[in-house]
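Spelled out from the first residue to the last, the chains are:
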Amino acid sequence: MTNNRLSDIKTRKRLTKFFLMTVGLIVLIIIFAFTSYHSTKNQLLNNTKEKLNEATVNAIEILEEFRVDTIRKINLSRKSPNFENAIDIFFKINSESQDFDMARIDIERTMNSFGFKHYALIDNDFLIRAQNSPIFHSELINNLSEKLRSIQINNETAYIDVFRTTFSTSATENEPYLLFASHIYQDGANAILLIAINGNNVLDFKDHTFFRRINGEVLLFDREHKLINKSKYYEELVDENILSRNQESNRGLKIVIHNDSKPGNIDFYLNYYGASVLGIHTWLSELNIGLILEANLNSTLEPLVFFRDSLIKYTAIITVLLIIFLFFYKSLLQEIDKRLQYMFSIFEATSEGMLIFDLNTHQIYRTNKQVYRLFLLDAPPVTLEDIFSDIQLDVIIDKAHSSSLGANLDPISIFYKLRNDSEIVLEVYMKSLPKRGSKRNPILITLRDITDQFTYEQEIQLAKESAETSNIAKNNFLATVSHELRTPLHSIIGMIEALSSTQLTDTQKYYADMSQESADNLLGIIDNILDFTKLDSKKYIPTFSTINLASETTSAITIASRKNKNKNSIHNNALDTFINTDKGIFNKCLSILLDNANKFTNGGSIQIFTTIADDGNKLCLEVIDTGIGIPETKLNHIFEAFGQADSAITRNYGGIGLGLSLLKGLVTQANGTIDIQSIEGEGSCFRLTIPCTLPNTTEIDEAVNTSLNTITYDFAPSAQSQEKYDKEIFSNLKVLAAEDNEINQEMLSILLSKFYINFKIFDNGQLLLDYIVSHQEQADMILMDCHMPVLDGFETTRRIRELPPPVCDIPIIAITADALFGDREKCLAQGMTDYISKPVKRNDLRQVLIRNLPDAFHSEIDFFDTSGANHENQDDFDATMADDFFGIDEEIQPQYSSFNPDALIQEVGDISIALDLFDKFNDSLDKDFTEITSLILFENYIEAKKQAHKVKGSARMMGCSALAEMLQNIEHACMDKNTNSLLDLVSKSENEIKRVKEELSIFIKVHA
């Protein structure tokens, strides 16, 4: 009840205040309007008075000009020869009547020529001798005799007076005339010429612009206040017979001069026809007539009529609207009060804590009951300091200031410790409220307890991080195991190659071939695992190049047939056409499909088909086999990693179930599609599509030239003849190399020296580029490390390709420690000619060098025929001969866990050289790792990544695969820029470095 009363009182106060303000405003507007009205009226009247004064002066000038001009014309007419002759005739006594008639005609012509319509000629006795108008009569002349006699005496021409006719005709009755007289004295003749001018022709202002606008009058009157000129209402005056009777008509029309007015004053009065006028009158003594100028007040003030009427109309409208508005305004205030009560009810009833405080003083002036519940308060808080800590308060006040400036803020979360030492998480939302003229700066704070939600989100985040960590661990495990397997496997393959090059019995050769085949299969599985981990980490970037479909499928069929020992017939139905697509993906997918078809087909056939979509944007590859097929229920799971259609498949056919999963990943990353159709017991059809484009003529020509230059020489010479042929092929070859790692430089020097190659090695790409530009030396080939300081291999290659021929055409071979799928395509896309991965093996380097030899060197190559090679004492060769061949004493070989020396010794072919390389690597390891750590601490992640990549290549070459894997993890982590994670990896790597250095020291000491 109290609240309602207070609400009513506020409503009345606001209503009264608004009403008084509105009434006051309206009164001010009306006063201003009436003041403007009267001010404008006075201005219009003053302007009219000024115009009347100007018009009066003008009228007087016109009348005076009329008088002077009339006298002048009379004098001129007297001097006319015809007029003078006529006067002589009139005053000769013996003149005949015929002469008199001619004289009268001459006088009339003369008068008409000067515009005088009424004239009379009288003699000395005032007798009329000649006239042309009945207005002249003896009574008129007798009445004017005194003035006429004065004219005779003075012998002048002058104005006489105004007179009115008494001749009773409708045309001339009581009309006013202005009379002029001129004394004529000629050869004894003494006469007076009388000229009468109608008063209506004296002054006419009807066409004057000013008087048209104000509806004004210009009147001439005589001493009896009778009109001389025609007025606007002249016809009505004639009808009422005022002029003849000199009395007021039925309509009150009469010439009236205000009795109190003085000549020359401007006064307001009612004129002769009853209209309100502003008039001025004066008397002209020269003409003995009065002059009246009048301006109709209604016409003068006509511009104010619309303003006055509008003022009255809008005042009435505003008053009515005010009354209506006041009625509705009262209802509106009542409705607002109801809504406010409703809002405050919500404010109190909401489940969230709400408080309103003043941003200027931090004083809280309204809270709801939920605030007490959230903060476990017993008494109402006075300021924000009673609730929040200093740190929390700083954050809240800062956000509140931003909100008061109009910023849209997201809620903030704070941890709040209650009085019972328990902690809750609050979501705080702030909103600036309208000030409404108050000095307060109100801010609304909404508080919501999100402790349960926060706990749940934390658990979800931990679970997500755990899953991500597990996935990363899985990928790292696969990559690590694969790298760990690759290192000894390279040694195994190398030893098998070395063993095969010796004299073997048929049985030994069979065993060696089987070992070679098994090692190759194992290497393929490891490569698939590496490719799978790269796909899983989303690091693969497709690269287009121009290929011939028939040539690529033929190469893939050759490799697949060799692996499968031609147990299945493979039919190549691919189009013999060029297309732009990702060569790596195409070959990898085709290889997987052929391996899969060969694996599950025994003595059957395999068909390969390629088609291109009509728009040239899709390449379709189909591989159809007649193998065991796949059950329909298993088709949806066939692409899952590490899975088979049936457990029996694994037992009968082997494999880890990774090929088709890798296939699916490759096609998906290439934005392609894959589909399978299979009938159990009849065979399967795999159909995939990948993006492609149609090449132009230039691209096709480049592809053809590349295919002609890309020649693989597959020969296996005997160990005794290998050195001879290397010397014959490479002795004249000039090679430039760029490699920043000192150990890698020495390893590369050893390999190139064994090939009898003339070479120069530079520490970075800039030094190599400067050498080429300054010496203008034409090298035959360039070996380019991809990751180097100052100028890396990619940028160096780009700049070389921009040089003029023939330097820009030098073959450039990429050397990089990145050995994953797609790295070769990346290097080729950057302008490099070929690719070899670290650690560089002698046979691989030999193949790359031969593949990219200039045309002049191809004529020197002899292909080896090793099918009939005859090695003496092949029965006496056993595994121990390999140790003797490389100079390793089996008796003093300890077992090493952190590095494998065999691979490097096998490549350099001399243990003393290998020991020198091991020693240099051991000395530089601490320095290199300290530099990596410093770069990470200073958050220079780019340089840290480059340094880790550099040391990784050396570690792999030394056979330290575990350390190389750790460096690769550091290299990848640098891209995430997480210092804590990197330092953790560095800490783990330090233990491995310690073990590597210990084992290196032991190995060097044992074999020194």
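Each chain has its residues counted from 1, following the order in which its sequence is written. Two thresholds apply to this predicted model, a pLDDT of at least 70 for residue-level local features and 80 or more for giving and counting side-chain atom pairs, whereas whole-chain, interface and lining totals are computed over all residues. The basis for the side-chain values is all heavy atoms of the structure; hydrogens and waters are excluded.

Moving on, we get to the packing of aromatic side chains. The aromatic pairing rule takes the rings of Phe, Tyr and Trp, using the six-membered ring of Trp, and pairs them if the centres are within 6.5 Å, calling planes under 30 degrees apart stacked, those over 60 edge-to-face and the rest tilted. Per the counting criterion, the structure on display carries 11 aromatic pairs. Centroid distance Tyr 159 to Phe 180: 5.1 Å. Interplanar angle 65°. Geometry classified as edge-to-face. Of the two residues, Tyr 159 sits in strand S3 (residues 157-164) while Phe 180 sits in strand S4 (residues 176-186), which places them 21 residues apart along the sequence. Buried, partly exposed and exposed residues are distinguished by accessible area as a fraction of the type maximum, computed with a 1.4 Å probe on protein chains only: under 20%, between the cut-offs, and over 50%, respectively. For Tyr 159, a relative accessible area of 11% gives the class buried. Ring centres 6.0 Å apart and planes at 55° place the aromatic pair Phe 221 and Trp 283 in the tilted group. With Phe 221 in strand S6 (residues 217-221) and Trp 283 in strand S8 (residues 276-284), this residue pair connects regions lying 62 residues apart in the sequence. Of the residues examined, Phe 221 reaches a relative accessible area of 3% and is grouped as buried. By the criteria applied, helices consist of DSSP H or I runs no shorter than four residues and strands consist of E runs no shorter than two, each listed in order from the N terminus.

Right, let's talk about empty space enclosed by the protein for a bit. Put simply, the grid is 1 Å and covers the protein atoms alone, a cavity is a trapped set of points that fit a 1.4 Å probe, a pocket is an open set with protein on both sides within 12 Å along at least five of seven lines, and lining residues have an atom within 4 Å of a point. Grid points are joined across faces, edges and corners, and a volume is the space filled by probe spheres set on the points. Under the defined criterion, the tally for this structure stands at three cavities of 30 Å³ or more. Here the largest cavity defines a volume of roughly 60 Å³. In this structure, the largest cavity is lined by Glu 739, Asn 744, Met 747, Leu 748, Leu 751, Ile 815, Lys 838, Val 840 and Met 957. Per-element accounting of the lining of the largest cavity gives the leading share, four residues, to helix H21 (residues 742-754).

Further remarks concern the sheet that holds strand S22 (residues 734-738). When DSSP locates at least two bridges between a pair of strands, those strands are taken to pair. Across the sheet, which stays open at both edges, the five strands sit in the order S23-S22-S24-S25-S26 with parallel pairing between neighbours. Here the strands that pair on one side only, and so sit at the sheet edges, are strand S23 (758-762) and strand S26 (834-837). Here the strands of the sheet are splayed against their neighbours by 20° on average, with no regard to which way each runs. One ladder, built from four bridges, connects S22 with strand S24 (residues 781-785); its direction is parallel. In the sheet register, Leu 736 faces S24, and the bridge partner there is Ile 782. Across the sheet, helix H25 (residues 842-851) is in contact with S24, strand S25 (812-816) and S26; its angle to S26 comes to roughly 175°. Angles shown run from 0 to 180 degrees and are taken between the N-to-C directions of axes, each axis being a line fitted to C-alpha atoms and, for helices, limited to the stretch in contact. Should any heavy atoms of two residues lie within 4.5 Å, those residues are counted as being in contact.

Residues form patches when they are more than 30% accessible in relative terms and have no salt bridge. Like charges link within 9 Å. Nonpolar side chains (Val, Leu, Ile, Met, Phe, Trp, Tyr) link within 5 Å. Method for areas: the Shrake-Rupley scheme with a 1.4 Å probe, in which residue coverage is limited to the protein chains shown. Any Lys or Arg side-chain nitrogen located within 4 Å of an Asp or Glu carboxyl oxygen qualifies as a salt bridge. On the surface, a nonpolar cluster with roughly 800 Å² of combined accessible area is contributed by Tyr 314, Ile 317, Ile 318, Val 320, Leu 321, Ile 324, Phe 327 and Phe 328. With respect to the helices and strands, Ile 317 occurs in helix H10 (residues 302-349).

Bringing helix H18 (residues 659-669) into the picture now. An α-helical segment advances 3.6 residues per turn. Residues three or four places apart therefore align on the same side. Among all positions of H18, only Leu 660, Ser 661, Leu 662, Leu 663, Leu 666, Val 667 and Gln 669 are buried. Count one or two residues on from H18 and you reach Asn 671, which has phi positive near 60°.

Further remarks concern the packing of helix H30 (residues 941-957) against helix H31 (residues 961-976). Relative orientation of the contacting elements H30 and H31 amounts to 160°, with a least axis distance of 8 Å. Classified by the angle their axes make, H30 and H31 are roughly antiparallel. At the point where H30 passes H31, the crossing takes the left-handed sense. Listed contacts from H31 to Tyr 941, Ala 944, Lys 945, Ala 948, His 949, Val 951, Lys 952, Ala 955 and Arg 956 of H30 are Leu 963, Ala 964, Leu 967, Gln 968, Ile 970, Glu 971, Cys 974 and Met 975. Put simply, Ala, Val, Leu, Ile, Met, Phe, Trp, Tyr, Cys and Pro go in the nonpolar bin, Asp, Glu, Lys and Arg in the charged bin, and everything else, Gly too, in the polar bin. Taken together, the residues that form the contact of H30 with H31 break down as 11 nonpolar, two polar and four charged. Convention used here: angles under 35 degrees read as roughly parallel, angles over 145 as roughly antiparallel, angles from 65 to 115 as roughly perpendicular, and any remaining angle as oblique. By definition, turning the near helix anticlockwise from the far helix through less than a right angle yields a left-handed crossing, and turning it clockwise yields a right-handed one.

Residues Pro 805 and Pro 806 are joined by a peptide bond in cis, for which omega reads 0°. In this structure, Pro 806 sits in the loop between helix H23 (793-801) and S25. Residues other than glycine seldom take positive phi values, yet Asn 288 does so here, at roughly 60°. Looking at the secondary structure, you find Asn 288 in the loop between S8 and strand S9 (289-296). Look at Asn 288 and you get buried, because its relative accessible area is 14%. A positive phi is found at Val 790, a non-glycine position, where the angle reads about 70°. In this fold, Val 790 is placed in the loop between S24 and H23. Residue Val 790 is classed as exposed on the basis of its relative accessible area, which comes to 66%.

What is meant by a nonpolar core is a set of buried Ala, Val, Leu, Ile, Met, Phe, Trp, Tyr and Cys residues, joined one to another through side-chain atoms within 4.5 Å. Counting residues in each nonpolar core, the largest one holds 60 residues, and the members touching the most others are Phe 730, Phe 918, Phe 921, Met 958, Leu 963 and Ile 970. Considering every element that reaches this core, the biggest residue donor is helix H29 (residues 911-937), with 11 residues. If near-sequence neighbours (up to four positions away) are discounted, Phe 921 is found in contact with Ile 743, Ser 954, Ala 955, Met 958, Cys 960, Leu 963, Val 996 and Leu 1000. With 47 residues, the next largest nonpolar core counts Leu 121, Val 202, Ile 280 and Leu 304 among its residues.

On to the environment of Ile 628, then. When you line up the elements, Ile 628 lands in the loop between strand S19 (618-625) and helix H17 (647-653). A residue is classified by how much of its surface remains accessible, and Ile 628, at 31% relative accessible area, is partly exposed. Taking the C-alpha atoms as reference points, Ile 628 and Gly 681, separated by 53 residues in sequence, lie 4.6 Å from one another.

For the rest of this paragraph, the subject is the side chain of Ser 954. Mapping Ser 954 onto the fold places it in helix H30. The exposure class assigned to Ser 954 is buried, which follows from its relative accessible area of 1%. The contacts of Ser 954, once residues within four sequence positions are left out, are Asn 741, Ile 743, Asn 744 and Phe 921.

All right, on to the UniProt feature "modified residue: Phosphohistidine" (unreviewed entry) in the chain then. UniProt positions are given in the numbering used here, feature names are shortened, and annotations may be inferred rather than shown by experiment. Following the UniProt record, one finds the feature "modified residue: Phosphohistidine" (unreviewed entry) at His 949. Residue placement: His 949 occurs in helix H30. Overall, the relative accessible area of 2% leaves His 949 in the buried class.

Glancing now at the UniProt feature "transmembrane region" (unreviewed entry) in the chain. Per the UniProt record, the feature "transmembrane region" (unreviewed entry) sits at residues 18-37 and 311-329. Taken end to end, residues 18-37 has its terminal C-alpha atoms 28 Å apart, with 100% of it in helix and 0% in strand. When the span residues 311-329 is considered, its composition is 100% helix and 0% strand, and the gap between its end C-alpha atoms is 26 Å.

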